[in-house]
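Observations on the model geometry
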Amino acid sequence: MTEAIASLIGSSTWKALEVHAVTSRNLHLRDLFAQDPTRGGRLKVEAAGIYLDYSKNRITDETVKLLLQLAEESGLRSRIDAMFRGDKINVTEKRSVLHVALRAPVGEKILADGVDVVPLVHAVLDKMTAFSNSVRSGEWKGYTGKPIRNVVNIGIGGSDLGPVMAYEALRHYSQRDLTFRFVSNVDGTDIAEATRDLDAEETLFIVSSKTFTTLETMTNAHTARAWALETLKHTAAIARHFVAVSTNAEAVAKFGIDTANMFGFWDWVGGRYSMDSAIGLSTMIAIGPDNYRKLLDGFHEMDVHFRTAPFERNLPVLLGLLAIYNNNFLGAQSVAVLPYEQYLKRFPAYLQQLTMESNGKHVTLDGKEVEYQTGPIYWGEPGTNGQHSFYQLIHQGTRLIPCDFIAFAKPLNAIGRHHDILLANVFAQAEALAFGKTTQQVEAEGTPASLAPHRMFEGNRPSNTILLERLTPEALGKLVALYEHSVFVQGAIWNIDSFDQWGVELGKVLAQRIVPELEAPKEPSLTHDSSTNALIKQYRSIQRQRGSAK
Ligand code: F6P
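One structure accompanies this document, and this report is about it. (Residues numbered from 1 in each chain as written. Predicted model: local features only at pLDDT ≥ 70, side-chain atom pairs only at ≥ 80, totals over all residues. Heavy atoms only, no water.)

Notes on the pattern of salt bridges
Filter applied, for reference: The term salt bridge refers to a side-chain nitrogen of Lys or Arg lying within 4 Å of a carboxyl oxygen of Asp or Glu. Elements are defined by DSSP. Helices are runs of H or I of four residues or more, strands are runs of E of two residues or more, and each kind is numbered from the N terminus. The rule is simple: take the accessible area with a 1.4 Å probe, protein chains only, and divide by the maximum for that residue type; under 20% is buried, over 50% is exposed, in between is partly exposed.
If you walk through the whole model with that rule in mind, you get 26 salt bridges. A salt bridge links D276 to R103; the shortest N-O distance between them is 2.7 Å. With D276 in the loop between strand 9 (262–264) and helix 13 (281–287) and R103 in the loop between helix 6 (76–85) and strand 3 (111–112), the pair connects residues that are 173 residues apart, well separated along the chain. Residues D276 and R103 agree in their burial class; the two are buried. With a closest N to O distance of 2.6 Å, R461 and E458 form a salt bridge. For R461, a relative accessible area of 7% corresponds to the buried category. Linked through salt bridges whose partners overlap, the residues forming this network are R103, D276, D303 and E484.

As structure tokens, this is what we get:
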């Protein structure tokens, strides 16, 4: 660990950034653009088919210089090298972090514990390809001889959010005579609604769980099994209607799934970094193996860019550093991710796990309490819908909410003027946020003075605009990898473990303790706090009033 990392806020660059943020407090984007007419064309990076315009951030050349200095001093370069080298950078779980190996081409060598993992990755990809082709062609038959028409992925967290996001994002490329459903919530409604109109004889379940122990997934998988057997009757049918994606062969076999139909991955793939591992099986069935390989190519192109581009032209590095500036020096508490692409409707939800499970940490790698804010809250919705909902707060509220606008120059569904109108809106929103509308402008339009404060826009609200050509499988891979690596950059500077998730454990353990207390036939003796005890009693009492109608 470098000295600079050991005392991030004590470092001269961190202090310089603090002073810089205070002294530039009165700078307005209006003035910055007026002073430098080349700003919009200058503060942008174009690489790997992505155009990132970061000129509408509250930054100057000095800010960028200091942020790049912070990256160098924090040892970001050696952290990147350590990840790609397979070092155990997930220190609390003593694991390598090698999602980059999932998209490495044949012939590249990436070692985990001295073993080249690239051939392992490609062996699984080949197995996924053969299986996907057999389902897509109708060659894979259900127990009663019918081809598969419905694919239901059962998983949660990284075993759901990536697959569902990718399916929605790439729906345009999907085989339309197959129906895809995604079941994640332990709320019985999820599986009930997902299966109610399906024919079990034509339905394939993919049970996706890295650990194969997750309560929600296992509960849903057992319910799906019972649902399938109601129609198929014979347990031998399970092998034709259930496959698994997991690292836990023993538990898969115990569930009754033939391990020949298990698609493996490894402990060096974190759940939220797994959408391009075998967890992407539903994606591959939907879009086909060729498109899936293009998705991987897109990821890989961004990996190469991240690893090799100089920091000042490095997309994930810049995106990460700007997020740090907004969070740690301008005090922004959240980031709005606003895709102007309906197919990306689940992208913000996917990013929530990626960013917040990764960087929602309160201690440094060596267990010391951090002295600065770590991961911001990520949220968002596709545009233009959000404009008629929460944008009011972004434009005129009291909080600073940096926005990432994502757009594609060419539509997948070119209908009349829709796309020009869509893109006009995304550009207009970034413009309005940055430049606002002064009281004088409002009054000059004839607004009465009393209404002027309500109708003026302060502006000076930061945003990035990420523009790509078209939403293709490659483009999606690049976009996801861009965010994966920008999360890494932020975590490296904050000196936290971005790859563990201990914060999800306590609730899981407590729920396991409460389940038998809710189900006990006799009143259990409760030893929780008085609030939890009262809630359990109230639940039991309402359940009793309903009698056996559970
Ligand atoms: O929510 C915690 C978590 O461990 C996530 O990190 C993970 O993506 C999810 O649960 C699902 O885990 P699994 O794939 O093991 O079922």
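A short note on the sheet that holds strand 7 (residues 203–208)
Quick note on the threshold: Two strands qualify as a pair provided DSSP detects at least 2 bridges between them. Each axis is a line fitted through C-alpha atoms, taken for helices only over the stretch in contact, and angles between the N-to-C directions span 0 to 180 degrees. Contacts are assigned to residue pairs with any non-hydrogen atoms lying within 4.5 Å of each other.
Read from one edge of the open sheet, five strands run 6-5-7-8-9, paired in parallel fashion. Single-partner strands in this sheet number two, and they are strand 6 (179–183) and strand 9. Direction aside, neighbouring strands of the sheet carry axes that sit 20° apart on average. Pairing between strand 7 and strand 8 (residues 242–246): four bridges, direction parallel. By the bridge assignment, F205 is partnered in strand 8 with F242. Helix 7 (residues 118–137) contacts strand 7, strand 8 and strand 9 of the sheet and is inclined by roughly 145° relative to strand 9. Relative to the sheet, helix 10 (residues 215–232) contacts strand 5 (150–154), strand 6, strand 7 and strand 8, its axis offset from that of strand 7 by approximately 160°.

Focus: the environment of R30
Mapped onto the elements, R30 comes out in helix 3 (residues 29–35). Sequence spacing of R30 and V487 is 457 residues, and the spatial spacing of their C-alpha atoms is 30 Å. Beyond its immediate chain neighbours, meaning those up to four positions away, R30 contacts F435, G436, K437, T438, F457 and E458.

Remarks on the nonpolar core
Selection rule: The definition of a nonpolar core used throughout is a set of buried Ala, Val, Leu, Ile, Met, Phe, Trp, Tyr and Cys residues joined through side-chain atoms within 4.5 Å.
One finds W268, I285, F347, I406, L476, L479 and Y483 to be the most contacted residues of the largest nonpolar core, which totals 121 residues. A total of 13 residues in this core trace back to one element, the largest contributor, which is helix 21 (residues 473–494). Setting aside residues up to four positions removed in sequence, Y483 forms contacts with L319, V337, F347, L351, L354, D404, I406 and I466. In this structure, M218, A228, F255 and I257 belong to the second largest nonpolar core, which totals 26 residues.

Things to note about the site of the ligand
How we decide: By convention in this text, a residue qualifies as near a molecule or strand provided that one of its non-hydrogen atoms is within 4 Å of it. N or O atoms closer than or at 3.5 Å make up a polar contact, with two conditions inside protein: a donor-capable atom paired with an acceptor-capable one, and, for residues adjacent in sequence, both atoms drawn from side chains. Note on areas: these come from Shrake-Rupley sampling with a 1.4 Å probe, and a residue is covered only by the protein chains present in the view. Three categories are distinguished: nonpolar for Ala, Val, Leu, Ile, Met, Phe, Trp, Tyr, Cys and Pro, charged for Asp, Glu, Lys and Arg, and polar for the others, with Gly belonging to the last.
Near the ligand lie 14 residues; those nearest to it are G158, S159, S209, T211 and T214. The contact in question runs from an oxygen atom of the ligand to an N or O atom on the backbone of K210, over 2.7 Å. Measuring from an oxygen atom of the ligand, one finds a side-chain N or O atom of T211 at 2.6 Å. Across the complex, the protein chains shield 86% of the 390 Å² of accessible surface that the ligand would expose by itself. Of the residues that constitute the shell around the ligand, the class distribution is two nonpolar, nine polar and three charged.

Regarding helix 6
All of the buried residues in helix 6 are L76, R79, I80, A82, M83 and F84. A positive phi of about 85° marks G86, the residue just after helix 6.

Let's talk about the packing of helix 6 against helix 14 (residues 289–308)
Relative orientation and spacing of two packed helices are given, respectively, by the angle between their axes and the distance between those axes. Put simply, the test is: For this classification, under 35 degrees means roughly parallel, over 145 means roughly antiparallel, 65 to 115 means roughly perpendicular, and everything else is oblique.
The contact between helix 6 and helix 14 brings their axes to 10 Å, and the two run at 140°. With respect to helix 14, the axis of helix 6 lies oblique. Note on element contacts: helix 14 touches helix 6 through D303, F306 and R307, opposite R77, I80, M83 and F84. In terms of residue class, the contact of helix 6 with helix 14 is built from four nonpolar, no polar and three charged.

Topic: helix 14
Put simply, the test is: Given a helix with a known number of residues, its expected span is that number minus one, times 1.5 Å.
The terminal C-alpha atoms of helix 14 lie 28 Å apart, and with 20 residues this matches the ideal 28 Å at 1.5 Å per residue to within 8%. The complete set of buried residues in helix 14 reads P289, N291, Y292, L295, L296, G298, F299, H300, M302, D303, H305 and F306.

Describing the pairing of strand 1 (residues 44–47)
Alternating positions in strand 1 separate cleanly, V45 and A47 being buried on one face and K44 and E46 remaining unburied on the opposite face. Where strand 1 lies against strand 2 (residues 50–53), four bridges are found, and the strand directions are antiparallel. Among the inter-strand pairings, E46 is bridged to a residue of strand 2, identified as Y51.

Focus on the packing of helix 2 (residues 12–23) against helix 15 (residues 315–329)
The condition that has to hold: By definition, turning the near helix anticlockwise from the far helix through less than a right angle yields a left-handed crossing, and turning it clockwise yields a right-handed one.
Orientation of helix 2 relative to helix 15, taken along the N-to-C sense of each, is 70°, at an axis distance of 11 Å. Between helix 2 and helix 15, the angle falls in the class roughly perpendicular. Once helix 2 is placed against helix 15, the crossing between them reads as right-handed. Contacts between helix 2 and helix 15 involve W14, L17, E18, H20 and A21 from the first element and Y325, N328 and F329 from the second. Grouping the amino acids of the contact of helix 2 with helix 15 by side-chain chemistry returns five nonpolar, two polar and one charged.

What to know about the sheet that holds strand 13 (residues 463–468)
Ordered by their spatial adjacency, six strands build an open sheet running 1-2-13-12-10-11, and the pairing between neighbours is mixed. This sheet does not close on itself; its edge strands, each paired only once, are strand 1 and strand 11 (377–379). Going from strand to strand, the sheet's axes swing by 15° on average, the running direction of each strand aside. Helix-sheet contacts for helix 15 involve strand 1, strand 2, strand 11, strand 12 (403–408) and strand 13, and the interaxial angle to strand 2 is about 25°.

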